[in-house]
Amino acid sequence: MLFNLSDSMACLLMDSVAILQAMTKLEVYFSGERGRAAALAKATGASAAFLRAIARGERPCPVKLAVKIETCTHELVKRQDLFEKDWQEYWPELIASNV
């Protein structure tokens, strides 16, 4: 059976998909459970405001902090997610495992 979506429902669905695609993995991680930004801030030593700015793409993530984020999120947010374009430059040892 095929579903027939109205034009407005189809637009809403496409908008929702676009929003989710635009969200960074760190934003998704924060939105998953209340208090995650504060908990990650405490675990990493960075402020929650700074972490949110990284998640929104307003501030670059320091290399050392990326490793802490990956560890503290149990790899739900990986270094590669925080450095999508150039992670290979910082962690060439991860190239083989990221194929």
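For the structure, check the block above.
Residues numbered from 1 in each chain as written. Predicted model: local features only at pLDDT ≥ 70, side-chain atom pairs only at ≥ 80, totals over all residues. Heavy atoms only, no water.

## Topic: the packing of aromatic side chains
Note the following rule: Aromatic contacts are taken between Phe, Tyr and Trp rings whose centres are within 6.5 Å, Trp giving its six-membered ring; a plane angle under 30 degrees counts as stacked, one over 60 as edge-to-face, and the others as tilted. Burial classes: relative accessible area under 20% of the type maximum marks a residue as buried, over 50% as exposed, and values in between as partly exposed (1.4 Å probe, protein chains only).
Scanning the model with the defined rule gives 4 aromatic pairs in all. Measuring from ring centre to ring centre gives 5.3 Å for Phe83 and Trp91, while their planes differ by 80°; the resulting arrangement is edge-to-face. A relative accessible area of 10% means that Phe83 is categorised as buried. By relative accessible area, which is 5% here, Trp91 ends up buried. With centroids separated by 5.7 Å and ring planes inclined at 55°, the aromatic side chains of Tyr90 and Trp91 adopt a geometry described as tilted.

## A word on unusual backbone geometry
Keep in mind that most residues, glycine aside, have a negative phi and that most peptide bonds are trans. For clarity, the threshold we go by: Put simply, DSSP H or I for four residues or longer makes a helix, DSSP E for two residues or longer makes a strand, and each gets a number counted from the N terminus.
If you check the backbone angles, His74 has positive phi at about 55° while not being a glycine. Relative to the assigned elements, His74 resides in the loop between α5 (63-72) and α6 (79-82). A positive phi angle, near 65°, is found at Glu75, a position not held by glycine. Assignment of secondary structure puts Glu75 in the loop between α5 and α6. We classify Glu75 as partly exposed; its relative accessible area is 48%.

## What to know about helix α4 (residues 48-55)
Basically, it comes down to this: Should any heavy atoms of two residues lie within 4.5 Å, those residues are considered in contact.
Buried residues of α4: Ala48, Leu51, Ala53, Ile54 and Ala55, and no others. For α4, the elements touching its buried residues are α2 (25-31), α3 (36-44), α5 and α6. Of the residues one or two after α4, Gly57 is the one with positive phi, at around 80°.

## Observations regarding the nonpolar core
Quick note on the threshold: The nonpolar core is taken to be a set of buried Ala, Val, Leu, Ile, Met, Phe, Trp, Tyr and Cys residues, with the residues joined through side-chain atoms within 4.5 Å.
Among the nonpolar cores identified, the biggest contains 20 residues, and Leu26, Phe30, Leu40, Leu51, Cys61, Leu65 and Ile69 are the most heavily contacted of them. If you list the elements that add at least two residues to this core, you get α2, α3, α4 and α5. At 4 residues, the largest contribution of residues to this core is made by α4. Among all residues touching Ile69, those that are not within four sequence positions of it are Leu26, Leu40, Thr44, Leu51, Cys61, Val77 and Leu82.

## Some remarks on the side chain of Glu70
In this structure, Glu70 sits in helix α5. In this view, Glu70 contacts Glu75, Val77, Lys78, Arg79 and Gln80; residues no more than four positions away in its chain are not counted.

## Concerning the environment of Tyr90
Mapped onto the secondary structure, Tyr90 falls in helix α7 (residues 87-90). In this structure, the C-alpha to C-alpha distance between Tyr90 and Gln80, residues 10 residues apart in sequence, is 9.8 Å. Once residues within four sequence positions are removed from consideration, Tyr90 is found in contact with Val63 and Phe83.

Keep in mind these values describe shape, not function.
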